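Fold and geometry: a report
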Amino acid sequence: MLSVDQPSAEPAPMPKEQEWAAGPEALCPGWLEDEAPDGEVPEAGGDADGATHAYELLQSALRQEGLPRTLDRSAEPRTGFGPLDTTVCILGSPTAFLPVLLEGGTRCPGAMVLCLSPTWASRVPSEAIPGAWTLLLSRGVSFEVGGHSALETFVPPRRANYVTGTFAPGAPESSWVGELARDLDCPTGGSLPLACRLEDPVGTRWVLATRARLPVPPTLAFVLGPRGHVPTETDAPGVKLVRLEDPQGQEALVQEEVGSFLGGTAMEPYSQVVVRPSGWRWRGTDARSSHGKQEGAAVARAVGARLGGLREEDSVLLEALVPTARLPAPPPRSPAPRLPMALRICTLVCRAWGDRPQLCQVACAVGRAEAPVRHGAALPQSLDSSLQQWGVVAPGQRQALATRLQEAAEAAMAALLAAEAELSPEQRGGARAHTDILGVDFLLTCLDDTLELVALSANSQRCLETCLLAEAMGHAVGQPQGDVPQLLAEAMLHRAQRHLVEGKDILLIGAGGVSKSFVWEAARDYGLRIHLVESDPEHFAAGLVQTFLPYDSREHRRDEEHAEHVAELLRHRGLRPHACLSYWDDCVVLAALLCQRLGLPGCPPAAIRVAKQKSRTHQHLQRCRRGRPPPAAFAVPCRRLRGHGDVERAAGAVPFPAVAKLEFGAGAVGVRLVENVGQCHAHAARLWRDLRDDADHPGIGLGWGNAMLLMEYVPGTEHDVDLVVFDGRLLGAWVSDNGPTRLPGFLETAACLPSCLPTERQAQLVRAALQCCVACGLRHGVFNVELKLGPAGPRLLEINPRMGGFYLRDWIREVYGPDLLLAAVLVALGVPPVLPARPSPRLHLAGVMCLGSEHGEVLGAGGGLETLRALQGRGLVRLNRLFEETAGAGEYEEPWLSVACGAATRAQACQRLLGLCQALGIDSPTYPVQHFLSHFK
């Protein structure tokens, strides 16, 4: 808690000085109308739809940013836009989203399109969703790299994949924007009905109080009949609703309710109240009156007077005047009197990756206490400087308050989104309409010597403009660009790409086991049509896909033949997939061969073969000696072992201790540290005896044969780097750490994400992984690279030319948001996925692997697995089943499942995980979890 050390010496403000705190409309009644450029107002007669005026406003805004005027290319129509082109359409105001448009133009040149007039777009019945509409753009302003923009015409009209715009109720363009965006078949970041609901303080405060559990100003609201914007329930902490069938003749009821409210416990800390009309129509007005709490009769008369003109969409609010906290301040520098001031805290929150609320920015405004602090009427400043100005001197207190504010703002958006999800499509303005950006205003007050954040209201656009203004002001004094435009542009582009993959036909090679079960749920969520080629005709996924094509491809040394047969199956079925991929280790070469035959994007089969065969990977890299450093610097001496005669020759090139493992192996099965030639002979003899073909241990690469390799042992810590690469360009990378293995085996024991390493060491790993992939010809896909990091830098262990396995997709999605599966689909479609430019972890995860030999009894018969499932249902652990039953035995055993705990810090996550493992018996003298986690520091 943040405590006030001593009471302020400033006198408490007088009632009229407190009037600014009457409520959200007093704090943020709306922006001033945009002025025409250079102070000139164009004649209305020649600009019936406002497009000319809006276009000139855009030029004025670009000029203020030092950017070139929009290039008019409308005389040369753009053609060739197809179903795989990303189009984010912004409707309405040319300035509200300008920084987002500019950022989006840099990330995806040409994808962001500004529509300034209803004549620039049209609606046609959707071919995909009955009753919905597709928005087609015949004209728009598109944005490119470097702040360049162009006015373009599109022939044929360009289809929008995502739509948002100026939905602010009462804005000049809101009516045509709302009409164009209504009932679309693509994701829509808001709507006019949603904006009206959001800006209605009655319903918003009820949601914030009941669902987000946030303090709100004590409020008594009088509404008419079954008003749709407010909840049917009437009880909420700090908010009471009184429904009136007829506003006339209600004097007795009003007096009773007002008296009960003024004398209630919620009003005890406050001495002043305000009466005002409320609803979106009243945004920006000062129709209010303030009163002392003891003036019950006057308050009741004021409420009655307002009820006389009440409409169904309006309400009359009686609410407490909540004053800003008065904190100790340093002695004044001059004897001049200090006037009482007011502080408004504006937060901007967006629906980020994984549909999770993310605080984008905070901006504060300060003004005289007797006058409202309006959005757009006071220049914004940072939270930290505002708190210092207010007397919060200790950095720890300011940081704690900033953390509380983030939690409150994100909780507010989560609650509002949850309430919004319960509305009908008609109430939302369309089945695909959802609020993606909103602002929440807070007040910092003081209760019982403790600073308290009070949630005042929400809005659809005003906080966006305030926060973007704060950032633009920073640019003028040399501050680097903040994260707001980047976060919002990424969110919009990501939603557009999610819509872009809907209905696409994906040829998937290999279903995998239970560890890949997430694929089928994800495919349904993304609207993918999966056509599955699988060797097991009884596979459980047969009923979960659009088309099931049983075909035995387990003998992968004949993949050329398999590719021809599968292509023939597709021709026979009349299937023409948009993309082909595989996340199953055995099938990556077959998938590459099919991409080549079908003319689909993907890596050359030769590149996949180089990466798939481990000794060939290192030997190829050792010949790659161009670059700084060259890829050869990351390769490790190794030799292939096809028989015992190769062991002696390998020993002459690879120093001991060394690592002996399967050439095409997966899951670390059969990997062993050998100290000398004799141990290598013995291990090879056992492995060649026990693991001969795929039937001996399915899924570990024996369909490629059981050849082995001997490679030099690399000291250091082990790490996974998961990469998204498009046309040789790195789009995303995530580094995770592995705990120590139990030598002489190399089975994974523990892991953590994000990495413990310093940023520069992570950068070394990412650079090494990318250079190794590109040098092998892997320029297009999602890859998993395993490396060791020692004092001399990274060394490659192996490249997996497919999406990371085990828990990696789940963890990366939980910690950072992006989905590797969706990224792999987009790359396979030939679309560069939009990923976070500056990924920031939301939490830390630490996990431990469980083995059937070590934990089968305690987790099975002991009931531990059911306990873990129950904890997972409550969100306390992350449980990733890797096999339905325990896999393998002895030195060929594979991990059975992964158990992880998350927390705000790595230390807390490890502590929670260790406690859980000790309680369930996962930790033991033979499986020391504390030792496995001790490396994560």
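Residues numbered from 1 in each chain as written. Predicted model: local features only at pLDDT ≥ 70, side-chain atom pairs only at ≥ 80, totals over all residues. Heavy atoms only, no water.

1. A look at the confidence of the model for the protein chain
Operational definition: For every residue, the pLDDT score states the predictor's confidence, bounded by 0 at the bottom and 100 at the top. For this analysis, residues touch if any pair of their heavy atoms sits within 4.5 Å.
Looking at the protein chain, the pLDDT average stands at 87 and 90% of residues meet or exceed 70. Considering only residues more than four positions removed or in separate chains, one finds that residues 1-46, a stretch of pLDDT under 50, has 115 contacts.

2. Remarks on the packing of aromatic side chains
The condition that has to hold: Here a pair means two rings of Phe, Tyr or Trp (six-membered ring of Trp) with centres within 6.5 Å. Their orientation is stacked below 30 degrees between planes, edge-to-face above 60, and tilted elsewhere. Numbering of helices and strands runs from the N terminus, with a helix taken as a DSSP run of H or I at least four residues long and a strand as a DSSP run of E at least two residues long. Burial here depends on accessible area, computed with a 1.4 Å probe over protein chains only, as a share of the maximum for the residue type. Under 20% is buried, over 50% is exposed, and the range in between is partly exposed.
Evaluation of the coordinates by the stated rule reveals five aromatic pairs. Ring geometry for Phe-81 against Phe-154: centres 5.6 Å apart, planes inclined by 85°, an arrangement best described as edge-to-face. Of the two residues, Phe-81 sits in the loop between β1 (71-72) and β2 (88-91) while Phe-154 sits in strand β6 (residues 149-159), which places them 73 residues apart along the sequence. Residue classification places Phe-154 among the buried positions, given a relative accessible area of 2%. Considering the side-chain rings of Tyr-927 and Phe-932, the 4.9 Å spacing of their centres and the 75° angle between planes classify their relative orientation as edge-to-face. For the pair Tyr-927 and Phe-932, a shared accessibility class is recorded, and that class is buried.

3. Details of the side chain of Asn-800
Structurally, the position occupied by Asn-800 is in strand β32 (residues 793-800). On the basis of relative accessibility, which here comes to 4%, the residue Asn-800 falls in the buried class. Every residue in contact with Asn-800, bar those within four places of it in the chain, is listed here: Asp-585, Phe-783, Asn-784 and Glu-786.

4. What to know about the environment of Ala-668
Tracing the backbone shows Ala-668 in the loop between β25 (658-662) and β26 (672-674). Expressed as a C-alpha distance, the spacing of Ala-668 and Arg-432, which sit 236 residues apart in the sequence, is 45 Å. Other than its neighbours up to four places away in sequence, Ala-668 contacts Phe-746 and Leu-747.

5. Considering the packing of helix α12 (residues 462-476) against helix α13 (residues 484-500)
To keep it simple, the criterion reads: For helices, the fitted axis covers only the stretch in contact; all axes are lines through C-alpha atoms, and the angles between them, taken along N-to-C directions, range from 0 to 180 degrees. Each angle gets one of four labels, with under 35 degrees taken as roughly parallel, over 145 as roughly antiparallel, 65 to 115 as roughly perpendicular, and the rest as oblique. Any residue that is not Ala, Val, Leu, Ile, Met, Phe, Trp, Tyr, Cys, Pro, Asp, Glu, Lys or Arg is counted as polar, Gly included; the first ten are nonpolar and the last four charged.
Where α12 contacts α13, the two axes come as close as 10 Å, and the packing angle between them is 135°. Here α13 runs oblique to α12, going by the angle between their axes. Across the interface between the two elements, Leu-464, Leu-468 and Glu-471 of α12 pack against Val-484, Pro-485 and Leu-488 of α13. Here the contact of α12 with α13 is composed, by residue class, of five nonpolar, no polar and one charged.

6. Some points on empty space enclosed by the protein
Defined as follows: Grid points spaced at 1 Å over the protein atoms alone were grouped into cavities, where a 1.4 Å probe fits but cannot get out, and pockets, open sets with protein on both sides within 12 Å along at least five of seven lines, with lining residues defined by an atom within 4 Å of a point. Grid points are joined across faces, edges and corners, and a volume is the space filled by probe spheres set on the points.
One pass over the structure, following the stated rule, counts eight cavities of 30 Å³ or more. In this structure, the largest cavity spans a volume of roughly 300 Å³. Taken together, 23 residues make up the lining of the largest cavity; nearest its centre are Cys-580, Leu-581, Ser-582, His-780 and Gly-781. In terms of residue class, the lining of the largest cavity is made up of 18 nonpolar, four polar and one charged. Space inside the second largest cavity adds up to approximately 140 Å³. Forming the walls of the second largest cavity are 16 residues, and the residues nearest its centre are Phe-167, Gly-189, Gly-190, Ile-437 and Ser-460. If you list the elements that add at least two residues to the lining of the second largest cavity, you get β7 (162-165) and α5 (192-198).

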